[in-house]
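Chain and residue survey
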Amino acid sequence: MSLDFSPIVSPPLLWTLLMLVLGIGLASVLFYGNKGVSKNRLWVKTGLFLGFWAFFALALFQPQIQKPQDSKPWLVYEEGKEQAELNFWKDSLGLEEAVEISEFDGQSERVVLLGKQFSKAELYPLRGREVNWVLPKENGLIRDISWKGYVRKGENQRVFYSIFSSQPDQFLKLGIAKADSATMNSGWNQGVLEFRTAGQGRAEVPLMLQSDTLAMLRFFTGPSVPKKYQVQMGFPSAESRTLATWLREKGENVSEQIQLSRETFLESNKNSDSLQVRIIDPAQLSQKSVQDWVKAGMGNLMLIQISDPNALTQQVNRLFGTEFELESAGSELEIGLEALPFRWKEKQGQKAFLDQRIAIQQVGSSQVGISLLESSYTLVMEGKKEAYEEIWGEVFGAMEPDEPRSKRSNAPVLQGLEANFQLFEQDSLPETLRMGEDTIWLKRSAINPFLAEGNWQATSSGWIDSGTDFSVYGYGLDEFPAVATARYISELQQNTKAVEEAQSKPISPWIGLIGMLVFLGGMWVEPKL
C-alpha cells in the first residue's frame, strides 16, 4: 500500500493557506497566554487547534491509497516464435516467465508484448494492464507509416515512416522517378519521403528498401483546380513573362498588369475581383490597394526582382508585421542560378526554400513571400525546365490558397479500423458521404462552418469508390500488421489509464470534514467547561 496526494489547489497556494491558518491559530493561543489563562488550558487549546488544522490539511491534500503492484512482468509473445528468440528477449529484458498470447490469462499485471501482429481479440485479455510493446528486429518492418489518401494533381505527396533496418547504408526509396530517397541506419529509422504527383485517379507507388518492395502506397489523385494569379510589374521582363507562361501551362488563370505611369496600367485578362495570388516587384508595394488587399486576407503576395533587399525587408516588416531578416551569403547556387548575396535567417513561423533564398511568412489569413533570386528564367532558356518547375512548384505549392471544395483523407485505411474523412465545401456541406455500400454521417465543425468530418470503418480490402471523383483503398491487416497492432495497443493504453485511476482509492473526504467539525466543536465547548 502506498499513499499519493491529489491536492484541490496548486501546492504553493495550498501551503500558503495552511501556514496562514496555522499562524492565526497559534497567535490566538499566545493571546490567551498573555491574558493569564493557565498552562493546562493552553495545552488543551493548542491540541484542539492542531487537530482541526491536521484534518483541514487532510481535506486539502486529498490523499489516495495506491494498490501495490508486486507482480513481476511476463513476456507475452506472438504465436510461432522460436525458443531461441524468446530466450534472447528474456535475457535482454531480464524476464523470468513467458507465455504465448493465446494462453495468457491474467498471470501478471505487467506485460512485455513481443511480436508484430496481434488481433484485437488476442489483445483483449491485456486490458487494464501495463503493456510495453517490443517489436522483433526484422529488416524492413514498418512500425508506422502515413500519407495523404487524396491529393490534387501536381500537389506534393509526403510519406512519413518508421522502418527497421538490420544493417546500415540501405536505401529506402519510392519506385517512381524524381522522388526522395533516404539512407538507413542500423535500427529504427524515422523520416519523410516526398514526391510530386502526376496523372489523375487511382495511383500506386511502391515503397522499396534496396530491391525489396515493402508496401504499395495507394492514393487517389483528383484534378487540379485553377488558381487566379496576377503578375503585376512596373515594367515587363523575361523573369515575369517566363513565370506567367509557366503558370498558364500548369492550367492556372493568369492576368498581367504593367504600370505605364502613376495612374495608367496596361492589363490583360483582368480578374482582380477574385485574385488569389499576386506576384509583384518592389515598386508595386507602395500602392495602398495592394497593401490593403494583403491586410484584409484577400490573397497571397510574392515579391520578385528585388534590387535593394535591406530596404524592402524593412518596408515589408513595417507594413505587415513580418519578421524577415537577412544574413550575408554567396551569390552562386548549385543549380547554376545567381542570387543576391544574402539569405533569409531561419525563423519560427517562416518557410524557406532553395538554400534560404526564398522565404514565406503567414500574415493573418494571407502569406507574404520574398525571392532573392536575380533571375530564374535562365533555367528554361538552358533547357532545365524541370529544375525551374521544381523551384517554383514547391514555392507556390506552399502558397496555395484554400479551395472552394476539397477532401482530406489519411492513409493507410486499415480494414476494420476507424478512419477519419474531412470535407471542405464553401457552398453547401452535405450531411452524408457515400463510401462503397456504407454511408458516413458527417458532423459540422463548430469552429469552421465550411468543414465537416466523419468516421468510417472499411469492411473489405481493395479500392472502394465514393462517387465518381474519389476512391479509397482499404488495406488488409496483413499488409501493415505492426501499424494495425499499434492502433490496437493505443486503445489498450487509454483503457489502462482509466483502470489505473480506478485502482487509486481516495480516502473519503468525510473523514477530513467530520474531523474538522469535531475539533471545532471541542474549541467551542472548551471555554464553557
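See above for the structure.
All values reported here derive from a predicted model rather than from experimental measurement.

Taken as a whole, this structure holds 18 salt bridges when the rule is applied. The partner of Lys-385 in a salt bridge is Glu-249, with the nearest N and O atoms 2.5 Å apart. Taken together, the positions of Lys-385 in helix H9 (residues 385-398) and Glu-249 in helix H5 (residues 238-249) put the pair 136 residues apart, joining distant regions of the chain. Owing to a relative accessible area of 32%, Lys-385 belongs among the partly exposed residues under this scheme. The exposure class of Glu-249 is exposed, given its relative accessible area of 52%. A salt bridge links Asp-355 to Arg-343; the shortest N-O distance between them is 3.1 Å. Residue Asp-355 is located in the loop between strand E23 (350-353) and strand E24 (358-363), and its partner Arg-343 is located in strand E22 (residues 342-344); the two are separated by 12 residues in the primary sequence. Classification of Arg-343 as partly exposed rests on a relative accessible area of 22%. Put simply, Glu-78, Lys-81 and Glu-85 are held in one network by salt bridges that share partners.

By volume, the largest pocket is sized at about 1100 Å³. Taken together, 36 residues form the lining of the largest pocket, with Gly-154, Asn-156, Arg-196, Thr-197 and Glu-389 sitting closest to its centre. Among the secondary structure elements, those contributing two or more residues to the lining of the largest pocket are strand E12 (187-196), strand E13 (201-209) and H9. Per element, the largest residue contribution to the lining of the largest pocket is eight residues, and it comes from H9. Taken together, the residues of the lining of the largest pocket break down into 14 nonpolar, six polar and 16 charged.

What follows covers the pairing of strand E34 (residues 462-465). Note: E34 against strand E35 (residues 471-475), four bridges, orientation antiparallel. Counted as the bridge partner of Trp-463 is Tyr-473 from E35. Here E34 folds back onto E35 in antiparallel fashion, the turn holding five residues, of which Gly-467 has a positive phi close to 75 degrees.

It is worth spelling out the packing of helix H1 (residues 11-34) against helix H2 (residues 39-61) at this point. Interhelical geometry of H1 versus H2 gives an angle of 170 degrees and a closest axis separation of 10 Å. The pairing of H1 with H2 is recorded here as roughly antiparallel in orientation. Two secondary-structure elements touch here, H1 through Leu-14, Trp-15, Leu-17, Leu-18, Met-19, Val-21, Leu-22, Gly-25, Leu-26, Val-29, Tyr-32 and Gly-33 and H2 through Leu-42, Lys-45, Thr-46, Phe-49, Leu-50, Phe-52, Trp-53, Phe-56, Ala-57, Leu-60 and Phe-61. Grouping the constituent residues of the contact of H1 with H2 by class yields 19 nonpolar, three polar and one charged.

This part takes up the sheet that holds strand E8 (residues 150-152). Pairing is mixed across the open sheet formed by five strands, whose spatial order is E8-E14-E13-E10-E11. Each end of this open sheet is capped by a strand with a single partner; those strands are E8 and strand E11 (181-183). Sheet twist, expressed as the average angle between the axes of neighbouring strands with direction ignored, equals 25 degrees. Note: E13 against strand E14 (residues 212-222), nine bridges, orientation antiparallel.

The relation between two aromatic rings is expressed through the spacing of the ring centres and the mutual angle of the planes. Summed over the entire model, instances satisfying the criterion amount to 19 aromatic pairs. Through a chain of ring-to-ring contacts, three or more aromatic side chains come together here, namely Trp-147, Trp-463, Tyr-473, Tyr-475 and Phe-480. The ring of Tyr-473 carries the charged tip of Arg-218 above its face, separated from the ring centre by 4.2 Å.

Residue position: Arg-278 is located in strand E18 (residues 277-280). Note: C-alpha distance between Arg-278 and Met-302 (24 residues apart in sequence) is 6.2 Å. If we ignore the near neighbours within four places in the chain, the residues touching Arg-278 are Gln-230, Gln-232, Val-290, Trp-293, Asn-300, Leu-301 and Met-302.

What follows covers helix H11 (residues 509-525). Counted at 1.5 Å a residue, the expected span for H11 with its 17 residues is 24 Å, and the 25 Å between its end C-alpha atoms agrees. Of the residues making up H11, those classed as buried are Gly-512, Gly-515 and Met-516. The buried residues of H11 occupy one face: seen down the axis, they fall within an arc of 100 degrees. When the buried face of H11 is taken as reference, the exposed residues oriented beyond 90 degrees from it are Trp-510, Leu-517, Val-518 and Trp-524. Among the structural elements, H2 are those in contact with the buried residues of H11.

Right, let's talk about unusual backbone geometry for a bit. Residue Pro-412 is reached from Ala-411 by a cis peptide bond, and omega for that bond is 5 degrees. Examined against the element boundaries, Pro-412 turns out to sit in the loop between strand E27 (405-411) and strand E28 (413-414). Of note, Gln-356 is a non-glycine position whose phi angle comes to about 65 degrees, a positive value. Looking at the element boundaries, Gln-356 is found in the loop between E23 and E24. Judged by relative accessible area, which is 16%, Gln-356 ranks as buried.

Cut-offs applied
Residues numbered from 1 in each chain as written. Predicted model: local features only at pLDDT ≥ 70, side-chain atom pairs only at ≥ 80, totals over all residues. Heavy atoms only, no water. Salt bridge = Lys/Arg side-chain N within 4 Å of Asp/Glu carboxyl O. Helix = DSSP H or I, 4+ residues; strand = E, 2+ residues; numbered from the N terminus. Buried < 20%, exposed > 50% of the residue type's maximum accessible area, 1.4 Å probe, protein only. 1 Å grid on protein atoms, 1.4 Å probe; cavity = no way out; pocket = protein on both sides within 12 Å on 5 of 7 lines; lining within 4 Å. Points joined across faces, edges and corners; volume = space filled by probe spheres on them. Nonpolar A, V, L, I, M, F, W, Y, C, P; charged D, E, K, R; others polar. Pairing = 2+ DSSP bridges. Axes fitted to C-alpha atoms, helices over the stretch in contact; angles between N-to-C directions. Parallel < 35°, antiparallel > 145°, perpendicular 65-115°, else oblique. Contact = heavy atoms within 4.5 Å. Phe/Tyr/Trp six-rings, centres within 6.5 Å; stacked < 30°, edge-to-face > 60°. Lys NZ or Arg CZ within 6 Å of the ring centre and 35° of its normal. Expected span 1.5 Å × (residues − 1). Arc of directions from axis to C-beta.

The analysis is restricted to geometry; functional conclusions fall outside its scope.
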